[in-house]
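# Per-entry structural report
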Amino acid sequence: MRIIKNQLFCLKSIIYIVNPKYFFKNLKGEKCMSKILVTGGAGFIGSHTCVELLNAGYDIVIVDNLYNSNEKSLDRVKELTGKDFSFYQYDIRDKENMRKVFENHKIDACIHFAGLKAVGESVEKPLEYYDNNIAGTLVLVEVMRNHGCKNIIFSSSATVYGDPVEIPITENCPKGGCTNPYGWTKSMLEQVLMDVQKSDNEWNVVILRYFNPVGAHASGRIGENPNGIPNNLMPYITQVAVGKRAELGVFGNDYPTHDGTGVRDYIHVVDLANGHVAALKAIQSNCGTSIYNMGTGNGYSVLDMVNAFVKVNGVEVPYSIKPRRAGDIATCYCNPAKAKAELGWEAKFGIEEMVRDSWNWQRENPEGYR
Ligand code: NAD
Ligand code: WQD
């Protein structure tokens, strides 16, 4: 058995060396893609992605200024994976410190989550949002380039489609006018990264447009930890269920949808995290610029989510119908076929796992990480 294994290994090695495809890919660094910088790694999506990266065997380095997160999430990432990593509490706008990170570590690729994400706040504080998200990314990309690291996965958003001209939304759907500065930062940064790649084809840029991430790690040890009143539906539902808020306001029941409430493409955060691991593999084969929708392709209404939550978890979620929220659209869900065809990735979890794991996290951590 051992002899056969050795012979197979030799055969594989010969194929690797004589096949120019593998040889050149290897020269371009495919075999060396092991150390990943995760900006915003202490946050909701970042912490779940770190778990999946560590489980997949990658080394990670995290930069997060903890503006919207808590270092405890990183302790729990270590606890869940049994693995260690470097963490720097730096702001990505701080060029000197970012240089130090790249000098201390030979980074192969960056997964860039760091950013401010509250839509309403961005309308009140546009300068802060443009500064943090745009100036921060410009610093990051410049430092990456100066250290010869030209591989980036960027957290974009379905918000770039505005009020979409097609449903389900494919990546070819034209970008729409954004209704808030947060959305514009994502749209502008997509353009910046595409221009950078166009100017230098050593860059690989993967833009992932997330739909509506929900859920939590099945262990209940990491999850979404919003400050103050949640803006998004799922953390609002869980806070009502745990007794922190009296009732959910359902924003409008007169949309042209099956029950009149807004329809969205909710995606389990662990599926989304694995989408990043799949995207790293695309980068390893030098994909240039690639854009992928990260959703399930299923549209659920606000009341579908509430009803599923109540049924699966056996808890009450009182709600009342409120006026529509300014800037909301009726329906938004994607066609995720491109990610399946090109990355071999598709969401595995359904609405039951989403509501179960969201509740498990909230019930186990009523005060989040505090
Ligand atoms: P999050 O706020 O939980 O995580 C973002 C992390 O970035 C936080 O830990 C924060 O402290 C850090 N950060 C912010 N600005 C920073 C800076 N200047 N320097 C260093 N660290 C900084 O948010 P999330 O939900 O995990 O989102 C991650 C990314 O995905 C964001 O870019 C967000 O815009 C994008 N996104 C999120 C959603 C969503 O619904 N959660 C949807 C689409 C896209
Ligand atoms: C979902 C549905 C609401 C709260 C936002 C950002 C988007 C992206 C994801 C970052 C809608 C309804 C909500 C509540 C409700 N983030 N709702 N009562 O608006 O699809 O997308 O988060 O990129 O950019 O805009 O998500 O969770 O806020 O709302 O009825 O208390 O739930 O009207 O129909 P949205 P959401």
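Before going further, it helps to examine the site of ligand 2. Close to ligand 2 lie 19 residues; Tyr182, Leu233, Gly249, Arg264 and Asp328 are nearest. Between Asn231 and ligand 2, the recorded distance is 3.4 Å, taken from a backbone N or O atom to an oxygen atom. At 2.8 Å from an oxygen atom of ligand 2 is found a side-chain nitrogen or oxygen belonging to Arg325. Considered on its own, ligand 2 offers 680 Å² of accessible surface; in the complex 87% of this is hidden by protein. Those elements that place two or more of their residues in the shell around ligand 2 are helix H9 (233-241) and strand E8 (248-251). The element that contributes the greatest number of residues to the shell around ligand 2 is E8, accounting for 4 residues. For the shell around ligand 2, the per-class residue count stands at 9 nonpolar, 7 polar and 3 charged.

The subject of this paragraph is the side chain of Asn365. Position of Asn365 relative to the elements: it lies in the segment after helix H13 (351-364). The exposure class of Asn365 is buried, given its relative accessible area of 6%. When residues no more than four places from it in sequence are discounted, the contact partners of Asn365 are Arg76 and Gly220.

Cut-off values and rules
Residues numbered from 1 in each chain as written. Chains lettered and ligands numbered in written order. Predicted model: local features only at pLDDT ≥ 70, side-chain atom pairs only at ≥ 80, totals over all residues. Heavy atoms only, no water. Near = heavy atom within 4 Å. Polar contact = N/O pair within 3.5 Å; in protein donor to acceptor, adjacent residues only side chain to side chain. Areas by Shrake-Rupley, 256 points an atom, 1.4 Å probe, with all protein chains shown as cover. Helix = DSSP H or I, 4+ residues; strand = E, 2+ residues; numbered from the N terminus. Nonpolar A, V, L, I, M, F, W, Y, C, P; charged D, E, K, R; others polar. Buried < 20%, exposed > 50% of the residue type's maximum accessible area, 1.4 Å probe, protein only. Contact = heavy atoms within 4.5 Å.

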